[in-house]
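One-letter residues, chain by chain:
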Amino acid sequence: MAATSYTGRFAPSPTGPLHAGSLVAALASWLDAKANDGQWLVRIEDIDTPRCVPGADQVILQQLAACGMQPDEPPVYQSQRSSLYQSALGQLITQSQAYPCGCSRQDIEQAIAVSGQQRERHAELVYPGTCRGGLHGKKARSWRFLSTFQPSHGPSGQQVRRRADPELIAHEIHWVDRLSGQQHQNVSREVGDFVLKRADGLWAYQLAVVVDDAAQGVTHIVRGADLADNTARQILLQRALGLPQVQYLHTPVVLGADGDKLSKQNGAQALDLQDPLEALAQAGQHLGITCFASNPADWLQQAVAQWMLRVRAL
Ligand code: GLU
C-alpha cells in the first residue's frame, strides 16, 4: 500500500450494473480521493451471495473504466475474505462483545409485541436483547454484537470499561459527517444488538465493511446517504476491534420516480457504456459539478478541481 494519508474506496455490491445512483457514489468517492492526492480502491461486496448477479462485478469494473475511474490497486472480493471476518468475530467473542442468538424474526416480533415497544412503519426491528443472557434452550442461529458497552484492553488483555468515555455512559455515538455536520445515534436504543453473522451463515455487512476498511487502510468513506444510518454501528465495531476511526461523507441519494432511492425496482437503467460522458455529466450535476469536456479524462480533471473547491468550503 502506498504511503498516503488518504485512502478512499468504492464498495459496490454486485447485484447488477451501475446505474445513475450508484455512479454518483463512485464518482464522489473517486473525486474526493483524487482531490486529496489519495488512493482510490474498489471492493466488490459479494458476501450476500443470494443477491449477487454473476458477472455484475466485471460489468461494474468496465463501467468504471469507461468513465475513466481506475482503482489504484486490484479490486478485492469480500467472498474471499471470510477468515478475516471470522477472526474479528473471534476477537469480539473473546471480549464478550458478541453472543449467539437463537431468535427467529417471528420470535423478535413476538418479544417486541409483548414489550409494547413502539415502532414506526418501515422502521427496522430493534432487537430486544432476548439472548443476551443465554440461549434459553434455543439453537444458536446468528451472532450479535453487544451494543451496550465498550470494553478496551488493559496491558494484560483483560476487559476494562472506559468509564471516562461519555459516550459509554450515554451509549450514544457522535461523529461528524463532512457534508451534513454533527451526527449522533444511540445504537442500543435505536438499533439494538445487531447481527454480525447471519442465521444463513453469511457474514453481515456491518462486520465485513469495518474489517475490510481497516485491512485496506481506508481513511475516508464517501458513499450515498442511504448508508449513513450504518455509521454509528460501524464506529462501535471499529472501537470494539481497536481499529482506527475513519472520516465520513454521505452524498445525497438519487431518487427514482416514486421518491424512493433509485434502484432497479423503481426504474434505474444500467449506465450506457457507449456514452460515459453523458453518465458522468448527470452524476456530476447531482453533486453540483458542471464540466465542459470531450472525453471522460478531461471531464474528471475539471471535476476534481471543482470538488476541491466545494469540499474546502465545507
Ligand atoms: N456495498 C454497499 C452497497 O453497495 C456499500 C457499502 C459501503 O459503501 O459502505 O450498498
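Residues numbered from 1 in each chain as written. Predicted model: local features only at pLDDT ≥ 70, side-chain atom pairs only at ≥ 80, totals over all residues. Heavy atoms only, no water.

## Regarding the overall build of the protein
Counting secondary structure elements, the protein contains 10 helices and 12 strands. Here the protein holds 314 residues, and 47% of them are scored as buried. A separation threshold of at least 6 residues defines the contact pool for the protein, and within that pool the share at least 24 residues apart is 73%. Accessible area for the protein stands at about 15200 Å²; split by element, carbon and sulfur atoms hold 53% of it. (Helix = DSSP H or I, 4+ residues; strand = E, 2+ residues; numbered from the N terminus. Buried < 20%, exposed > 50% of the residue type's maximum accessible area, 1.4 Å probe, protein only. Contact = heavy atoms within 4.5 Å. Areas by Shrake-Rupley, 256 points an atom, 1.4 Å probe, with all protein chains shown as cover.)

## Observations concerning the sheet that holds strand 5 (residues 142–145)
The strands making up a sheet associate through backbone hydrogen bonding, with each pair oriented either parallel or antiparallel. Spatially, the 3 strands line up as an open sheet ordered 4-5-10, and their pairing is antiparallel. Bordering the open sheet on either side are strand 4 (98–101) and strand 10 (195–197), each of which pairs with just one other strand. Direction aside, neighbouring strands of the sheet carry axes that sit 40° apart on average. Across 4 bridges, strand 4 lies against strand 5 in antiparallel orientation. Bridged to Ala-98 within strand 5 is Phe-145. (Pairing = 2+ DSSP bridges. Axes fitted to C-alpha atoms, helices over the stretch in contact; angles between N-to-C directions.)

## Points about the sheet that holds strand 2 (residues 39–44)
With parallel pairing, the 3 strands of this open sheet are ordered in space as 1-2-3. Two strands in the sheet have a free side with no partner beyond their single neighbour: strand 1 (7–10) and strand 3 (76–77). Across 2 bridges, the pairing between strand 2 and strand 3 is parallel. For Ile-44, the partnering residue across the bridge sits in strand 3 and is Tyr-77. Across the sheet, helix 1 (residues 20–35) touches strand 1 and strand 2, and the angle it forms with strand 2 is around 150°. Along the sheet, helix 2 (residues 56–66) makes contact with strand 1, strand 2 and strand 3, crossing strand 2 at roughly 155°.

## A few points about the site of the ligand
Taken together, the residues surrounding the ligand are Arg-9, Ala-11, Pro-12, Ser-13, Glu-45, Tyr-205, Val-209, Arg-223 and Leu-227. Within the side chain of Arg-9, one N or O atom sits 2.6 Å away from an oxygen atom of the ligand. The separation between a nitrogen atom of the ligand and a polar side-chain atom of Ser-13 is 2.9 Å. In isolation the ligand has 300 Å² of accessible area, and contact with the protein removes 80% of it. (Near = heavy atom within 4 Å. Polar contact = N/O pair within 3.5 Å; in protein donor to acceptor, adjacent residues only side chain to side chain.)

## Quick look at the confidence of the model for the protein
Put simply, the protein has an average pLDDT of 89, and 88% of its residues get 70 or more. Segment residues 150–164: pLDDT under 50, and 31 contacts once partners within four positions in sequence are set aside and those in other chains are kept. (pLDDT = per-residue confidence, 0-100.)

## Some words on helix 7 (residues 205–215)
Across the 11 residues that make up helix 7, a large majority, 8, are buried. All of the buried residues along helix 7 are Gln-206, Leu-207, Ala-208, Val-209, Val-210, Val-211, Asp-212 and Asp-213.

## Here's the deal with the packing of aromatic side chains
Enumeration over the complete set of coordinates arrives at 2 aromatic pairs. Taking the centre distance of 6.0 Å and the plane angle of 65° together, the rings of Tyr-85 and Trp-203 count as edge-to-face. Here Tyr-85 is found in helix 3 (residues 82–94), whereas its partner Trp-203 is found in the loop between strand 10 and helix 7, with 118 residues between them in sequence. Assessed through its relative accessible area of 7%, Trp-203 is described here as buried. Lying across the ring of Tyr-127, Arg-144 places its NZ or CZ 3.7 Å from the centre. (Phe/Tyr/Trp six-rings, centres within 6.5 Å; stacked < 30°, edge-to-face > 60°. Lys NZ or Arg CZ within 6 Å of the ring centre and 35° of its normal.)

## Here's the deal with the packing of helix 3 against helix 8 (residues 231–241)
With their axes 10 Å apart at the nearest point, helix 3 and helix 8 run at an angle of 75° to one another. The orientation of helix 3 with respect to helix 8, classified from their angle, is roughly perpendicular. In this structure, helix 3 contributes Ala-88, Gln-91 and Leu-92 to the contact, and helix 8 contributes Leu-237, Ala-240 and Leu-241. Each residue belonging to the contact of helix 3 with helix 8 can be placed in one class, and the counts come to 5 nonpolar, 1 polar and no charged. (Parallel < 35°, antiparallel > 145°, perpendicular 65-115°, else oblique. Nonpolar A, V, L, I, M, F, W, Y, C, P; charged D, E, K, R; others polar.)

## Digging into helix 8
A large share of helix 8 lies buried, amounting to 10 of its 11 residues. Within helix 8, the full set of buried residues consists of Thr-231, Ala-232, Arg-233, Gln-234, Ile-235, Leu-236, Leu-237, Gln-238, Ala-240 and Leu-241. Gly-242 occupies a position one or two residues after helix 8 and carries a positive phi of about 70°.

## Quick look at the environment of Gln-62
Take Gln-62: it is sitting in helix 2. With relative accessibility at 44%, the residue Gln-62 sits in the partly exposed group. Distance from Gln-62 to Leu-273, taken between C-alpha atoms, is 8.2 Å for residues 211 residues apart in sequence.

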